[in-house]
Amino acid sequence: MEKIIEALKEEAILARKRSIKSLFNSGADRIDLFTAEHGSFKIDYSKQNISSQGWSLLLDYYYKSKIDHKIHALFSGKPVNVTENRPALHFALRAPKDVRSLPKHSSIVADVHDELEAMALIVRKIRKRKWRGYSGKAITNIVSLGVGGSELGPLLVCDALQEIGSSIGDSIKLHFVSSMDGTQISQLLEVLDPERTLFIISSKSFTTVDTFYNVNTALKWLTSYSGSIELAKNHHFIGVSASQEKMEAWGIRKENQLIFWNWVGGRFSLWSTIGLPIAIKYGMDVFYELLEGGYEMDFHFKNSTPESCLPTVLALISFWNSSFLEISANAVLPYDGRLKLLPNYLSQLEMESNGKAVSVNGTEVRFKTSPIIWGELGPNAQHAFYQLLHQGTQDVSCDFISTVKRYHNGARPDVEADFLYQQQSLSLANCFAQSSVLAFGDIFAEKEEINPHKRYRGNQPSTTLLIEELTPRILGSLIALYEHKTYVLSCLWDINPFDQWGVELGKSISEEALRAIHEPNYRNKFDDSTKWLLTQVSDWSSKDDTNK
Ligand SMILES: O=P(O)(O)OC[C@H]1O[C@H](O)[C@H](O)[C@@H](O)[C@@H]1O
């Protein structure tokens, strides 16, 4: 193993000295070597700064690390979440009813489908306008209250599938509220009708303060109109959680409770009942298509050699860029507006999973782990931060993601479709042009540019992921593709991707700080900077009081 790592380090030294352009002149058929495809996905990673020798070394490292054993451990329900001593069975959420692949957890798939049927009952009741508020009126607005993994997945899917047309149309509007500061909920409550508003409390733990501050504000608002907390809770709240006891204790009616399980990580939970907003907006059939797409990608992941396995290919590239070329930023750049929330979703999926410095056995990690995953809708980002990508000093690896088939499915009147298709072609052309200029820099310039301000650095590595078209099924496969990429990366870095201990301390300190905002004596326990900040808050608020 050490030999491979040393050889990879050598390869990285060579890589830093060469241009990506030079790799295309090495005589090897780079396109043949560095493209891969499966189903509706095609990946071009030929503009990555990796030679064929480097790629074989990465594959050697993959085999020597016995990653296939770790993939087997995941799918056979072993406690791969070592620090919480749990399996990670999110893939079971998308397994067809008749699958019996988890001998140790034989009832799980049946439990999953029982809960999907319970969800279908609620979905049907809402979509058929049979869910009534405390005054008997039909619900017209649904507000999903949740944060992190309890929001980002459903939000991405609900936004991405808008073009398939939701059969509830505008009769029922869906909203998402997550931020603890109250901005989203206060703006919504100004326009919503309490008699016709239904809240979904989405929270695996059913304890997250961000969510419950929003819940309390919603409950107060509803109670002030219904005149009864009980009426408000019974008619206007659904609970989705891995904690049935906490839903019970809060007062969610049994038939309004949907559960999932501790073996589902929050950021892997959109396939569970956390996906309720998706099913309400698009119906259970679309939700099942999403699950099928995820299941299809599980099959590909489990049954492909690493060279032809799309999640593994993306993982090996990211491992190379982050751990050997030490490129600490990975920009996700969708060239399809329907995927504009994908960078946000992936930033939680990858950074909360692999933003770790301690390996599974508690020792310090050997390599730089997860890069900073960030991004924006590509065409818009061209007018925002591409300046830095093209002429800045920072190395950034980029993921260009675009769909190909669009607008010509007869869903739109021809004239419109033609214009829109031209826009799609323009977006594709920009996607390809940008990744080329990032890789090859000035070679596209008419003539040798001597003005240094107009030089293009090039040598920015990128991968382009082409998606045939965006259907619920293909979107399911896309998300599962990145979930498995994240898992393979965690195996390459020998870290546990399923815990997130790093998010806890800030939460507990914030409770102290909250008390200190209201109790000056309590501030002494804080550092001088925090003490000063706390004092500024009370100074400004007390000034307001004296001015009243
Ligand atoms: O679903 P919940 O228990 O409310 O948790 C919501 C989110 O908060 C946590 O702090 C973690 O950062 C996320 O992994 C999680 O998805």
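Residues numbered from 1 in each chain as written. Predicted model: local features only at pLDDT ≥ 70, side-chain atom pairs only at ≥ 80, totals over all residues. Heavy atoms only, no water.

Undergrad: Describe in detail the UniProt feature "active site" (unreviewed entry) in the protein chain, supporting the description with residues and values.
TA: In this structure's numbering, the residues bearing the UniProt feature "active site" (unreviewed entry) are Glu352, His383 and Lys507. Taking the farthest pair of C-alpha atoms as the criterion, the annotated set spanning 156 residues is dispersed, since that pair is 36.3 Å apart. Taken from the residues named earlier, the lining of the largest pocket is made up of Glu352 and Lys507. The topology assignment puts His383 in the loop between helix H16 (378–381) and helix H17 (386–391). You can call His383 exposed: its relative accessible area is 70%. Checked against the element boundaries, Lys507 lands in helix H20 (residues 504–518). Given the relative accessible area of 40%, Lys507 is considered partly exposed. (UniProt positions renumbered as here; feature names shortened; annotations may be inferred. 1 Å grid on protein atoms, 1.4 Å probe; cavity = no way out; pocket = protein on both sides within 12 Å on 5 of 7 lines; lining within 4 Å. Helix = DSSP H or I, 4+ residues; strand = E, 2+ residues; numbered from the N terminus. Buried < 20%, exposed > 50% of the residue type's maximum accessible area, 1.4 Å probe, protein only.)

Undergrad: A description of the site of the ligand should follow, citing residues and the corresponding values.
TA: What surrounds the ligand is a group of 13 residues, the closest being Ser150, Ser203, Ser205, Thr208 and Glu352. Between the ligand and Ser150, the relevant distance is 2.6 Å, taken from an oxygen atom to a side-chain nitrogen or oxygen of the residue. Lys204 is positioned such that a nitrogen or oxygen atom in its backbone is 2.8 Å from an oxygen atom of the ligand. Starting from 390 Å² of accessible surface for the ligand in isolation, the protein chains cover 87%. In a pocket analysis with a 2 Å cut-off to the grid points, the ligand is assigned to the largest pocket. (Near = heavy atom within 4 Å. Polar contact = N/O pair within 3.5 Å; in protein donor to acceptor, adjacent residues only side chain to side chain. Areas by Shrake-Rupley, 256 points an atom, 1.4 Å probe, with all protein chains shown as cover. Sits in = over half its atoms within 2 Å of the grid points.)

Undergrad: Break down the domain arrangement of the protein chain for me, citing the residues and quoting the values.
TA: Domain boundaries in the protein chain define domain 1 (2–64 + 304–444 + 455–499), domain 2 (99–287) and domain 3 (504–547). Here the C-alpha centre of domain 3 lies 43 Å away from the C-alpha centre of domain 1. (Domains from an automatic or database assignment.)

Undergrad: Give a description of the layout of surface pockets that names residues and reports values.
TA: Its volume calculated, the largest pocket comes out at about 1,200 Å³. Lining the largest pocket are 40 residues, with Ser205, Thr207, Thr208, Glu504 and Lys507 sitting closest to its centre. If you list the elements that add at least two residues to the lining of the largest pocket, you get helix H9 (209–226), helix H15 (342–354) and H20. It is H20 that provides the largest number of residues to the lining of the largest pocket, a total of 5 residues. (Points joined across faces, edges and corners; volume = space filled by probe spheres on them.)

Undergrad: Please set out the sheet that holds strand E8 (residues 329–334) residue by residue, giving values where relevant.
TA: The strand order E1-E2-E11-E10-E8-E9 describes an open sheet built from 6 strands, whose pairing is mixed. Since the sheet does not close on itself, it has two edges, and those belong to strand E1 (35–38) and strand E9 (372–375), each with one partner. Sheet twist, expressed as the average angle between the axes of neighbouring strands with direction ignored, equals 15°. Direction of pairing for E1 relative to strand E2 (residues 41–44): antiparallel, over a ladder of 4 bridges. Among the inter-strand pairings, Thr35 is bridged to a residue of E2, identified as Asp44. Sheet strands touched by H15: E8, E9 and strand E10 (397–403). Its angle to E9, the strand with the most contacts, is close to 170°. (Pairing = 2+ DSSP bridges. Axes fitted to C-alpha atoms, helices over the stretch in contact; angles between N-to-C directions. Contact = heavy atoms within 4.5 Å.)

Undergrad: Just give me the short version of the packing of aromatic side chains, but keep the residues and values in it.
TA: Centre-to-centre distance and the angle between the planes together describe a pair of aromatic rings. The tally for this structure, following the rule as stated, stands at 25 aromatic pairs. Plain terms: the ring middles of Phe206 and Phe212 are 4.9 Å apart, the flat faces sit at 75° to each other, and that makes the pair edge-to-face. For Phe206, a relative accessible area of 5% puts it in the buried group. Taken together, a centroid distance of 5.9 Å and an interplanar angle of 35° make the contact between Phe385 and Tyr386 tilted. Taking the relative accessible area as the measure of exposure, Phe385 reaches 19% and is therefore buried. According to the relative accessible area criterion, Tyr386 is buried, its value standing at 1%. Linked through ring pairs, Tyr61, Phe319, Trp320, Phe324, Phe367 and Trp493 together constitute an aromatic cluster. (Phe/Tyr/Trp six-rings, centres within 6.5 Å; stacked < 30°, edge-to-face > 60°.)

Undergrad: Residue-level account of the environment of Glu350, with values.
TA: Note that Glu350 resides in helix H15. Residues Glu350 and Thr464 lie 114 residues apart in sequence; the distance between their C-alpha atoms is 18 Å. The residues contacting Glu350, other than those within four sequence positions of it, are Gly355, Ser370, Ile373, Tyr482, Lys485, Thr486 and Leu489.

Undergrad: Explain the state of the cysteines to me, using residue names and the numbers behind them.
TA: Using the criterion set out here, one finds 0 disulfides in the structure. You can see Cys309 has no disulfide; the closest cysteine sulfur is in Cys491, sitting 12 Å from it. In this structure Cys309 comes out as buried when scored by relative accessible area, which is 1%. Cysteine Cys398 remains unbridged, with the sulfur of Cys431 as its closest cysteine sulfur at 11 Å. Here Cys398 falls in the buried class, since its relative accessible area comes to 0%. (Disulfide = S-S within 2.5 Å.)

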